[in-house]
Amino acid sequence: ELIDYTCNTYNIDTNKISLTGHSMGGTGVWGTALAYPDLFSCIAPLSGSIRINRDNINILSTLPVWAFVGSDDTIVEPTSSINIIEILNQKGSNAQVTVFDGATHFDVPQLTYLDENINLVSWLISHSK
């Protein structure tokens with residue numbers, strides 16, 4: 001309802017709604033995309049976790065995903081995102097994961113959002129449903 005209200009109030013292009021977040025927010029990105037798969041043009045979860053099962057794979061298989069994790073994250077297991085991206089790609093999805101070597105859980109947002117080479121905002125706005 002909040003997204004619908006915001007789109008209607010501010011005349012937002014509903015074909016270009018993307019979602020990103022870190023840690024619990026990253027897990028929330030995965031969960032929200034699973035709950036409303038037709039709402040988003042793409043997602044970028046950071047240090048989030050997701051259950052890997054057939055339903056989740058099928059729901060996410062058509063959504064562009066760019067996940068980010070730190071290899072030294074001891075709070076959220078990086079393999080959660082790494083493994084689902086691998087499975088999504090086996091199904092022909094548009095999914096990628098960036099693993100920051102030696103990065104901890106708390107390093108990931110700065111490494112992702114502030115890196116001009118990654119330029120996540122451009123990636124997010126480049127996708128349409």
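Above: the structure in question.
Residues numbered from 1 in each chain as written. Predicted model: local features only at pLDDT ≥ 70, side-chain atom pairs only at ≥ 80, totals over all residues. Heavy atoms only, no water.

1. A few points about the sheet that holds strand 1 (residues 18–22)
Next up, step 1: Ordered by their spatial adjacency, four strands build an open sheet running 1-2-3-4, and the pairing between neighbours is parallel. Unpaired on one side and paired on the other, strand 1 and strand 4 (95–100) mark the two borders of the sheet. Within this sheet the neighbouring strands show an average axis-to-axis angle of 10°, counted without direction.
Next up, step 2: The sheet contact formed by strand 3 (residues 65–70) and strand 4 spans six bridges and is parallel. Within strand 4, the residue paired with Phe-68 across the bridge is Thr-98.
Next up, step 3: Across the sheet, helix 2 (residues 24–35) lies against strand 1, strand 2 (42–46) and strand 3, angled at about 150° from strand 1, the strand it touches most.
Next up, step 4: Sheet strands in contact with helix 4 (residues 79–90) are strand 3 and strand 4, and its direction is about 150° off that of strand 4. (Pairing = 2+ DSSP bridges. Helix = DSSP H or I, 4+ residues; strand = E, 2+ residues; numbered from the N terminus. Axes fitted to C-alpha atoms, helices over the stretch in contact; angles between N-to-C directions. Contact = heavy atoms within 4.5 Å.)

2. Let's talk about helix 2
The periodicity of an α-helix, 3.6 residues per turn, causes residues three or four positions apart to be oriented the same way.
Next up, step 1: Between its first and last C-alpha, helix 2 extends 16 Å over twelve residues, near the 16 Å set by a 1.5 Å rise per residue.
Next up, step 2: Regarding helix 2, the residues found buried are Gly-26, Val-29, Trp-30, Ala-33 and Leu-34. Along the axis of helix 2, the buried positions cluster into a sector of 125°, meaning they face one direction only. With respect to the buried face of helix 2, the exposed residues turned more than 90 degrees away are Met-24 and Ala-35.
Next up, step 3: On the buried face of helix 2, the contacting elements are strand 1, strand 2, helix 3 (54–60), strand 3 and helix 4. (Expected span 1.5 Å × (residues − 1). Buried < 20%, exposed > 50% of the residue type's maximum accessible area, 1.4 Å probe, protein only. Arc of directions from axis to C-beta.)

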